[in-house]
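Architecture at a glance
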Amino acid sequence: MALYITSLNSGSNGNCYYLANEDDAILVDAGLNCRETEKRLARLGLSMTKVRAIFISHEHSDHIHGLPVIARKYQLPVYITPGTMHGGRLTLQEDLVRTFKAHEYIAIGELRITAFPKLHDASEPHSFIVSCREVNVGVFTDIGFPCENLIRYFKLCHAAFLEANYDDDMLERGRYPYFLKNRIRGGKGHLSNKQALGLFTGCKPSYMSHLLLSHLSRDNNSPDLVLDLFKRCAGDTEVVVASRDRETEVYYIKEVESGLRAEDGNPIVIGLKVESGPDNKERTEAPAMIVPAQEQVQYRFFREETYRVISYTL
Ligand SMILES: [Zn+2]
Ligand SMILES: [Zn+2]
């Protein structure tokens, strides 16, 4: 099972992230109004009918602007902390309000959503990691500093929406008043390009297939500049910018790792998963599908204390 992900909008003008498997979907944040949310989903061939719940990261209006109408219209449960409800002065239909605890997952069908606290100037700000079977996708925006929690969860992600809010020099030289500059870079504001790049290059797992640079500042950043910065260090990870104006395409995040290379240095296209087991014992099962011997390579590797034998076709 894989995850389908898209950003419907990302930035201080509105945030809404859609994550789904074959059967169910959730939204992380609802910063676009209802009509715009529906319109952008429709352009991607998606719809609200598959959405089962909304998870709210914090109470800033770019994350909750469309929430009351969307939740009411589709009668969706809203996972939100009491502090965020209070801070956002939200009035939601009482029987739709749910809460969550950090590091404990909520199950929505086969999706598992785990929240963890982040550093941001809001009441009870949280980031989310969404999993299906063994695929993990993080939604990491509005972060003042890459804390231990973020580092730990980032290391598990097959894909991530990662904030790259500002370029240090552009912010320093820009027109913002001094107090606002300090709010942004003061440890409880937003992640700079440099901080995000440090996290990416230092903690990116080998199997991370997609990085969606998110919540870019309109005034203090440039999509071309940040994309260029990251692409130089991206290896086999596809890096894209989640736009402030429109939806991204839908990205398909697969279970097995890519990025391994054959002996001749060419990238390996994953062909077939043969076996995976929860123990640490070596296994040598035959491939489940016969492929010509010269096209078949077996790799063994350790990840999260689980030993797997996976076969790839070249
Ligand atoms: Zn925001
Ligand atoms: Zn915020």
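If you're wondering where the values come from, they're calculated on a predicted model, not measured in any experiment.

1. Digging into the pairing of strand β4 (residues 51-55)
- Most of β4 sits inside the fold, with four of its five residues counted as buried.
- Note: strand β3 (residues 25-28) against β4, four bridges, orientation parallel. Looking at β4, one finds that Val28 is bridged to Phe55.
- The β-α-β motif built from β3, the intervening helix α1 (residues 34-43) and the parallel element β4 has right-handed crossover chirality.
- Of the pairings in the sheet, the one linking β4 to strand β5 (residues 78-79) comprises two bridges and is parallel in character. Within β5, the residue paired with Phe55 across the bridge is Tyr79.

2. Points about the pairing of strand β13 (residues 238-241)
- Every second residue of β13 is oriented toward a common face, the buried set being Val239 and Val241 and the non-buried set Glu238 and Val240.
- Crossover strand β12 (residues 210-214) to β13 through helix α9 (residues 223-231) is right-handed.

3. Describing the sheet that holds strand β14 (residues 251-253)
- Read across the sheet, seven strands follow the order β6-β5-β4-β3-β2-β1-β14 without closing on themselves; strand pairing throughout is mixed. Taken across any chain shown, the strands that pair with only one partner, and hence form the sheet edges, are β6 (97-98) and β14.
- Pairing of strand β1 (residues 3-9) with strand β2 (residues 16-20), which is carried by five bridges, proceeds in the antiparallel orientation. Bridge assignment links Ile5 to a residue of β2, and that residue is Leu19.

What counts as what
- Residues numbered from 1 in each chain as written.
- Chains lettered and ligands numbered in written order.
- Predicted model: local features only at pLDDT ≥ 70, side-chain atom pairs only at ≥ 80, totals over all residues.
- Buried ≥ 20, exposed ≤ 12 C-beta atoms within 10 Å, placed from the backbone.
- Helix = DSSP H or I, 4+ residues; strand = E, 2+ residues; numbered from the N terminus.
- Pairing = 2+ DSSP bridges.
- Right-handed = clockwise from strand over helix to strand, strands pointing away.

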